[in-house]
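Now for the letters of each chain:
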Amino acid sequence: MTGDTTTTPLPDDTPARARATAPAPPPAPASPPVPRAGGAPGRRRTRRRTRRGARGGARWGPYAHIAPFFVLFGAFGLFPLLFTGWASLHRVELTAPTDMEWVGLRNYARLLTDEFFLNALRNTVTIGILSTVPQLLMALGIAHLLHHRLRGSTFFRVVVLTPYATSVAAATLVFVLLFGRDFGFVNWVLGVVGAGPVDWQNGRWTSRIAVSTIVVWRWTGYNALIYLAALQAVPDELYESAALDGASRWRQFVHVTVPSLRPTILFTVVVSTIGATQLFGEPLLFNGSAGATGGSEHQFQTLGLYLYEQGWVDLHLGRASAIAWAMFLILLLLGAAVALVGAYRRRRTP
Amino acid sequence: MTYAVLVVVTVLSLFPLVWTAIAASGTGGRLARTPPPVWFGGDLVENVRVAWTDAHMGVALLNTFVVASTVAAGTVLFSTLAGFAFAKLRFRFRNALLLLVIGTMTVPPQLSVVPLFMLVAELSWVDRLQSVVLPALVSGFGVFFMRQYLVRALPTELIEAARADGAGGLRVVWHVVFPAARPAMAVLAMLTFVMAWNDFFWPVIALTQSNPTVQVALTGLGRGYVPDQAVIMAGALLGTLPLLLVFVVFGRQIVGGIMQGAVKG
């Protein structure tokens with residue numbers, strides 16, 4: 001994404017193919033001169049004119065193709081995004097959303113001392129770790145198993161993806177029952193094994209674990225498929241030679257699968273982290289009838305849920321906007337931190 | 001060994017779904033007993049009927065179908081158009097704009113809900129389906145997905161040949177781009193349909209129980225508007241079943257689509 005655009009102001013569509021065929025002599029009837037990468041901006045325009053000159057409307061054609069996307073995105077994506085920032089500097093109530101009173105950074109200042117905001121931030125981080133780590137580890141294992149030739153692999157792929165087809169709402173409602181204190185399935189199994197019943201919903205840690213379980217259940221298969229896709233780019237010889245050396249499945253996993261997937265793992269960590277900061281439906285519905293508090297003592301209220309409570313239960317739209325931007329800023333900080341660590345590691349291990 | 005683990009994974013993946021059906025097939029009282037039920041009862045039809053009428057599940061399913069189909073159709077159409085432009089046409093700021101499209105994927109939906117809600121309230125669209133459809137009609141992922149596909153799948157010579165034959169912009173799109181893009185359009189349509197069907201955050205804010213999507217109706221169920229757990233499970237089952245059917249029929253294609261998007265993304 002941060003490609004060196006300075007050297008190639010107008011990169012070609014198909015860099016890989018173009019580069020691959022570059023050494024070969026160009027096909028004889030090289031029809032209209034295909035513009036190549038590079039060149040001063042001034043010359044670019046003349047070149048385009050020679051190419052497009054024959055067709056009158058062609059200059060605007062491309063913009064007509066992308067216009068619907070950008071018009072809709074501008075109206076329902078970019079404008080609201082910026083307006084949220086603007087609203088976060090105001091006192092706005094849901095009861096009279098057009099009366100905006102300028103308050104500067106007060107909404108943000110409040111957040112820093114807001115016990116519930118800090119609690120929600122802590123919960124978001126905790127649940128994020130509790131759900132992301134096991135989910136990705138299990139996905140890695142499943143991908144490793146599915147990568148080997150086996151009967152019914154399509155069946156297993158579809159099966160591990162079925163939780164993804166289940167909505168947040170449907171999944172959470174089932175898990176509320178499964179994690180019930182008195183008659184829940186999980187506690188019944190625990191009872192059979194001899195462990196005592198657990199009050200999943202009211203415990204501080206148990207409730208977070210239960211909410212994380214829902215996330216893990218829904219997304220593990222999806223991530224496994226992403227890893228599986230990346231694994232198919234790994235040359236079979238790596239596995240074959242490892243097998244020839246007598247490496248067990250486990251050693252192949254540690255020494256072939258995990259190292260080859262490193263970039264993909266980073267990708268899924270980023271995506272899952274973004275998802276974790278937005279967690280909303282699971283904690284909302286895990287609470288049953290009690291609304292948006294995230295448990296009797298806010299023990300599993302996430303930032304997304306707190307935003308909703310501030311905006312649509314307590315009717316403070318300005319504060320909800322500030323929470324939204326605070327979430328965004330936290331993500332940006334996190335991204336910058338990851339980038340810094342990456343740069344540092346790359347410098348140390350050339 | 002591999003199979004043993006995979007069987008365990010299969011059981012864990014399917015158990016909550018199967019148990020939803022088991023719980024939905026008995027009386028509510030059956031769920032307040034130890035041990036919990038492990039096999040189907042005989043009240044499924046009755047529970048589904050109650051969920052259908054009391055929780056507006058009938059309306060909700062119809063609404064969700066309309067929303068998900070419209071969103072899928074719009075996303076596929078606009079993504080193919082823009083994806084084609086980004087893959088095969090040359091224009092000023094193309095790379096900057098493509099970067100912007102990709103950037104839209106990282107913006108959390110929370111950042112837009114407050115102004116979106118104010119807008120929807122201003123237009124008196126609360127509880128109207130367009131409030132859910134319009135913001136979902138475009139997707140950066142869709143544009144990127146189609147671009148990546150068309151870069152490889154659509155030979156530039158084909159477009160030039162069509163142009164040489166005198167085909168204008170729309171004819172090229174209709175007769176050259178759409179046929180070439182068809183497989184990717186189908187995959188994107190399925191992925192978008194699933195996502196739109198399950199969309200939660202914004203519909204819960206923009207709609208109410210009187211004209212809900214399935215997810216909004218289920219939220220109402222979960223908040224105890226209908227206290228019977230078996231009925232709640234019947235609702236959850238109703239809301240999930242259509243997508244499960246889609247998965248049974250198109251599972252292979254959806255799996256392929258996710259893996260394709262993953263490699264290229």
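Residues numbered from 1 in each chain as written. Chains lettered and ligands numbered in written order. Predicted model: local features only at pLDDT ≥ 70, side-chain atom pairs only at ≥ 80, totals over all residues. Heavy atoms only, no water.

Caption draft 1: Highlighting the overall build of chain A. Along the backbone of chain A there are 15 helices and 2 strands. Here chain A holds 350 residues, and the buried ones make up 47% of them. Put simply, of all contacts in chain A between residues at least 6 apart along the chain, 65% involve residues at least 24 apart. Split by element, the accessible area of chain A, about 18,400 Å² in all, is 65% carbon and sulfur. (Helix = DSSP H or I, 4+ residues; strand = E, 2+ residues; numbered from the N terminus. Buried < 20%, exposed > 50% of the residue type's maximum accessible area, 1.4 Å probe, protein only. Contact = heavy atoms within 4.5 Å. Areas by Shrake-Rupley, 256 points an atom, 1.4 Å probe, with all protein chains shown as cover.)

Caption draft 2: Molecular detail of the packing of aromatic side chains. In total, this model carries 28 aromatic pairs over all chains according to the counting rule given. Here Phe175(A) and Trp217(A) contribute two aromatic rings whose centre-to-centre distance is 5.5 Å and whose plane-to-plane angle is 55 degrees, an arrangement assigned as tilted. Taken together, the residues span a long stretch of sequence, with Phe175(A) in helix α7 (residues 168–178) and Trp217(A) in helix α9 (residues 204–231) at a distance of 42 residues. Classification of Phe175(A) as buried rests on a relative accessible area of 6%. For the ring pair Phe185(A) and Trp188(A), a centre distance of 5.4 Å and an interplane angle of 70 degrees mean the geometry is edge-to-face. Of this pair, Phe185(A) and Trp188(A) are both found in helix α8 (residues 185–193), 3 residues apart, which corresponds to roughly one turn of the helix. A relative accessible area of 12% places Phe185(A) in the buried class. Members of the aromatic cluster, joined through ring pairs, are Phe280(A), Tyr308(A), Trp312(A), Phe117(B), Phe200(B) and Phe201(B). Just above the ring of Trp205(A) sits the side chain of Arg208(A); from NZ or CZ to the centre is 4.8 Å. (Phe/Tyr/Trp six-rings, centres within 6.5 Å; stacked < 30°, edge-to-face > 60°. Lys NZ or Arg CZ within 6 Å of the ring centre and 35° of its normal.)

Caption draft 3: The packing of helix α15 (residues 317–348) of chain A against helix α5 (residues 110–122) of chain B, seen in detail. In contact at an axis separation of 7 Å, α15(A) and α5(B) are set at 155 degrees when each is read in the N-to-C sense. Accordingly, the angle class assigned to the pair α15(A) and α5(B) is roughly antiparallel. The segment α15(A) lies against α5(B), with Leu317(A), Ala320(A), Ser321(A), Ala324(A), Trp325(A), Met327(A) and Phe328(A) engaging Gln110(B), Leu111(B), Val114(B) and Met118(B). Here the contact of α15(A) with α5(B) is built from residues that sort into 9 nonpolar, 2 polar and no charged. (Axes fitted to C-alpha atoms, helices over the stretch in contact; angles between N-to-C directions. Parallel < 35°, antiparallel > 145°, perpendicular 65-115°, else oblique. Nonpolar A, V, L, I, M, F, W, Y, C, P; charged D, E, K, R; others polar.)

Caption draft 4: Main features of the interface of chain A and chain B. Each side of the interface is counted separately: chain A has 93 residues, and chain B has 99 residues. Together, the buried faces of chain A and chain B total about 8,800 Å²; carbon and sulfur atoms form 75% of this surface. Inspection of the region where chain A meets chain B yields 0 salt bridges. The interface formed by chain A and chain B includes 9 residue pairs in polar contact (both at pLDDT 80 or more). The residue inventory of the side of chain A that touches chain B, partitioned by class, reads 63 nonpolar, 18 polar and 12 charged. (Buried area = accessible area lost by both parts, 1.4 Å probe. Salt bridge = Lys/Arg side-chain N within 4 Å of Asp/Glu carboxyl O. Polar contact = N/O pair within 3.5 Å; in protein donor to acceptor, adjacent residues only side chain to side chain.)

Caption draft 5: The pairing of strand β2 (residues 96–102) of chain A, seen in detail. All names here are of chain A. The pairing of strand β1 (residues 90–93) with β2 spans 3 bridges and is classified as antiparallel. Looking across to β2, one finds that Arg91 is bridged to Glu101. Between β1 and β2, which pair antiparallel and follow one another directly, the connecting turn spans 2 residues. (Pairing = 2+ DSSP bridges.)

Caption draft 6: Local environment of unusual backbone geometry. Residue and element names in this part refer to chain B. Residue Phe93 is not a glycine yet carries a positive backbone phi of 65 degrees. Within the secondary structure, Phe93 is located in the loop between α3 (57–88) and α4 (94–104). The class for Phe93 is exposed, based on a relative accessible area of 55%.

Caption draft 7: Region of interest: the UniProt feature "transmembrane region" (unreviewed entry) in chain A. All names here are of chain A. The residues that UniProt annotates with the feature "transmembrane region" (unreviewed entry) are residues 60–83, 125–146, 158–180 and 322–344. Overall, residues 60–83 shows 96% helix and 0% strand. The separation of its end C-alpha atoms is 30 Å. Within the segment residues 322–344, helix and strand shares are 100% and 0% respectively, and the terminal C-alpha atoms sit 33 Å apart. (UniProt positions renumbered as here; feature names shortened; annotations may be inferred.)

Caption draft 8: Inspection of the environment of Val5(B) at higher detail. On the secondary structure map, Val5(B) appears in helix α1 (residues 2–24). For Val5(B), a relative accessible area of 31% puts it in the partly exposed group.

Caption draft 9: Spotlight on the pattern of salt bridges. Residue and element names in this part refer to chain A. Taken as a whole and judged by the stated rule, the model has 3 salt bridges over all chains. Measuring nitrogen to oxygen at the nearest pair gives 3.8 Å for the salt bridge that ties Arg91 to Glu93. We classify Glu93 as buried; its relative accessible area is 17%. Taking the shortest distance from any N to any O, the salt bridge between Arg91 and Glu101 comes out at 3.5 Å. Of this pair, Arg91 sits in strand β1 while Glu101 sits in strand β2, placing them 10 residues apart in sequence. One connected set of salt bridges, linked through shared partners, spans Arg91, Glu93 and Glu101.

Caption draft 10: Region of interest: the side chain of Gln301(A). Residues and elements named next belong to chain A. Within the secondary structure layout, Gln301 lies in the loop between α13 (281–286) and α14 (303–313). Of note is the side chain of Gln301, whose polar atom sits 2.9 Å from the backbone oxygen of Ala292. A polar contact of 2.9 Å, which involves the side chain of Gln301, links it to the side chain of His298. Beyond its immediate sequence surroundings of up to four residues, Gln301 is in contact with Asn119, Ala120, Asn123, Ala292, Thr293, Gly294, Tyr306 and Glu309.

Caption draft 11: View of the packing of helix α10 (residues 236–244) of chain A against helix α11 (residues 249–260) of chain A. Residue and element names in this part refer to chain A. Running from N to C, α10 and α11 cross one another at 150 degrees; their axes reach a closest spacing of 10 Å. Classed by the angle they form, the pair α10 and α11 counts as roughly antiparallel. The crossing of α10 and α11 is right-handed. Touching Leu238, Tyr239, Ala242 and Ala243 of α10 are Gln252, Val256 and Thr257, all from α11. Among the residues forming the contact of α10 with α11, the class breakdown is 5 nonpolar, 2 polar and no charged. (Left-handed = near helix turned anticlockwise from the far one by under 90°.)

Caption draft 12: Quick look at the confidence of the model for chain A. Averaged over all residues, the pLDDT of chain A equals 80, while 82% of them reach at least 70. Per-residue pLDDT, averaged within each element of chain A, yields its smallest value for helix α1 (residues 15–21) of chain A (37) and its largest for helix α5 (residues 115–147) of chain A (93). (pLDDT = per-residue confidence, 0-100.)

Caption draft 13: View of a nonpolar patch on the surface. A surface patch of nonpolar side chains, about 370 Å² in accessible area, is lined by Val125(A), Ile129(A), Val133(A) and Leu137(A). Structurally, Leu137(A) can be placed in helix α5. (Patch = residues over 30% accessible without salt bridge, like charges linked within 9 Å, V, L, I, M, F, W, Y side chains within 5 Å.)

Caption draft 14: Representation of the UniProt feature "transmembrane region" (unreviewed entry) in chain B within the structure. With numbering matched to this structure, UniProt assigns "transmembrane region" (unreviewed entry) to residues 60–84, 96–120, 132–151, 172–197 and 230–250 of chain B. Across residues 172–197 of chain B, helical content stands at 100% and strand content at 0%; the span's end C-alpha atoms are separated by 32 Å.

Caption draft 15: Local environment of α9(A). Residues and elements named next belong to chain A. Taking 1.5 Å as the rise per residue, α9 with 28 residues should run 40 Å; its terminal C-alpha atoms sit 38 Å apart, in good agreement. Along α9, the largest kink reaches about 40 degrees and is centred on Trp219. The element α9 is extensively covered by neighbouring structure, given that 20 of its 28 residues are classed as buried. (Expected span 1.5 Å × (residues − 1). Bend = angle between axes of the 7 residues up to and from the residue.)

Caption draft 16: Layout of the nonpolar core. One finds Leu307(A), Trp312(A), Trp19(B), Phe84(B), Phe86(B) and Leu218(B) to be the most contacted residues of the largest nonpolar core, which totals 181 residues. Considering each element in turn, this core owes the most residues, 17 residues, to helix α9 (residues 169–198) of chain B. (Core = buried A, V, L, I, M, F, W, Y, C linked by side-chain atoms within 4.5 Å.)

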